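Residue-level structure breakdown
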Amino acid sequence: MPHRKPQNLEIDNLDIQILSILMKNATTPYTEIAKELIVSGGTIHVRMKKLEEMGVIKGASLEVNPQKLGYDVTAFLGIFLEKGSQYNDAVKQLKAVPEIVELHYTTGSYSIFAKIVCHDTNHLREVLNENIQSVKGIQRTETFISLEESIKRQITLD
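For the structure given in this document, a descriptive report is provided here. Owing to the predicted nature of the structure, the values given are computational and were not obtained by experimental measurement. Going along each chain's sequence as written, the residues are numbered from 1 onward. Note on the predicted model: pLDDT of at least 70 is required for a residue's local features to be given, and 80 or more for side-chain atom pairs to be given and counted; whole-chain, interface and lining totals, by contrast, use all residues. With hydrogens and water excluded, all non-hydrogen atoms of the structure serve as input to the side-chain values.

**Brief notes about unusual backbone geometry**
Here the phi dihedral of Ile38 falls at roughly 55 degrees; this positive angle occurs in a residue that is not glycine. A run of H or I in DSSP becomes a helix once it reaches four residues, and a run of E becomes a strand once it reaches two; helices and strands are each numbered from the N terminus. In this fold, Ile38 is placed in the loop between helix 2 (30-37) and helix 3 (41-53).

Encoded structure:
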């Protein structure tokens, strides 16, 4: 399936190729990318700066395996708010909970859907009872424990 180029962004095929390489391995040196794409290293630097300024690239980060660091439980949490207007205040309070690694404002049954990582089920219970359910505006929550992460990937550009 051919990819669709975003409208009103000045992104060309070279930009897509650079992004594709770095999305597979963010540690790939610019000189190696330049060699592969038959352009200068300076071209890669200029293109990366442009993509950052456009907001296409949000940053670079190191991905760790939480289980190797003792976080054995991944759970998803459906959060019901008393009123939708309490969303911003609830998010401000939830940002203080370090176990929350993703938070989404959603349609459907839940107002908010969160991904949390904990050491074990006791830690999960503690986070739920003491940190999340005590947030002003949260009416109730539903918890789903992940048994296995089968797919985790970025979008593909090629």
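**Focus on the nonpolar core**
With 21 residues, the main nonpolar core has Ile79, Leu94 and Ile132 as its most contacted residues. Sorting the residues of this core by element identifies strand 1 (73-81), helix 4 (87-94), strand 3 (112-118) and helix 5 (121-132) as the ones contributing at least two each. It is strand 1 that provides the largest number of residues to this core, a total of 5 residues. Only heavy atoms enter the contact rule, under which two residues are in contact if any of them lie within 4.5 Å. Among all residues touching Ile132, those that are not within four sequence positions of it are Leu77, Ile79, Leu94, Val97, Ile100, Ile116, Val127, Ile138 and Thr141. Ranked by size, the runner-up nonpolar core spans 15 residues in total, among them Ala34, Leu37, Met48 and Leu157. We define a nonpolar core as any set of buried Ala, Val, Leu, Ile, Met, Phe, Trp, Tyr and Cys residues linked to one another through side-chain atoms lying within 4.5 Å. Under the scheme applied here, a residue whose accessible area is under 20% of the maximum for its type counts as buried, over 50% as exposed, and between as partly exposed, the area being computed with a 1.4 Å probe on protein chains only.

**Observations concerning a nonpolar patch on the surface**
Residues enter patches when they are more than 30% accessible in relative terms and free of salt bridges; like-charged ones are connected within 9 Å and nonpolar ones (Val, Leu, Ile, Met, Phe, Trp, Tyr) within 5 Å. Using a 1.4 Å probe, the Shrake-Rupley method yields the accessible areas, and only the shown protein chains count as cover for residues. Should a side-chain nitrogen of Lys or Arg be within 4 Å of a carboxyl oxygen of Asp or Glu, the pair is scored as a salt bridge. Side chains of Leu62, Val64 and Leu69 sit close together on the surface and give an oily, nonpolar patch of about 350 Å² of accessible area. Along the chain, Leu62 falls in the loop between helix 3 and strand 1.

**Some words on the side chain of Thr141**
Of note, Thr141 is situated in strand 4 (residues 138-145). The exposure class assigned to Thr141 is buried, which follows from its relative accessible area of 16%. Side-chain polar atoms of Thr141 contact the side chain of Gln133, separated by 2.8 Å. With sequence-adjacent residues up to four places away left out, Thr141 is seen in contact with Leu77, Gly78, Ile79, Ile132 and Gln133. Side-chain atoms alone can form a polar contact between residues adjacent in sequence; in general such a contact is a pair of N or O atoms within 3.5 Å, and within protein one must be able to donate a hydrogen while the other accepts it.

**Looking at the pairing of strand 3**
Looking down a regular strand, the side chains alternate between one sheet face and the other. Counting buried positions along strand 3 gives 6 out of 7 residues, so the element sits mostly inside the fold. By the bridge criterion, 7 bridges tie strand 1 to strand 3 in an arrangement that is antiparallel. Across the sheet, Phe76 pairs through a bridge with Lys115, a residue of strand 3. Pairing between strands is defined by DSSP: at least two bridges between the two strands are required. Two elements, strand 2 (residues 100-105) and strand 3, share 5 bridges in a ladder whose sense is antiparallel.

**Points about the pattern of salt bridges**
Pairing of side chains with opposite charge becomes possible as their charged atoms draw close. Here the structure, examined in full by the defined rule, presents 7 salt bridges. Between Asp15 and Arg47 there is a salt bridge, with its nearest N and O atoms 2.9 Å apart. Placement of Asp15 in helix 1 (residues 13-24) and of Arg47 in helix 3 is noted, with a sequence separation of 32 residues between them. Comparing Asp15 with Arg47, the two get one shared label, buried. Among the charged side chains, a network of salt bridges with common partners joins Asp12, Asp15, Arg47 and Lys50.

**Thoughts on the side chain of Asp15**
The buried category is assigned to Asp15, whose relative accessible area is 0%. Excluding residues that lie within four positions of it along the chain, Asp15 makes contacts with Glu10, Arg47, Lys50 and Leu51.

**Notes on the sheet that holds strand 3**
Judged by pairing direction, the sheet is antiparallel, and its 4 strands sit side by side in the order 2-3-1-4 without closing on themselves. For this open sheet the edge positions go to strand 2 and strand 4, each flanked by a neighbour on one side alone. With strand direction ignored, the average angle separating the axes of adjacent strands in the sheet is 20 degrees. Lines are fitted to the C-alpha atoms to define the axes, a helix being fitted only along its stretch in contact, and any angle between axes, read from their N-to-C directions, falls within 0 to 180 degrees. Packed onto the sheet, helix 4 meets strand 1, strand 2, strand 3 and strand 4 and runs at close to 175 degrees relative to strand 2.

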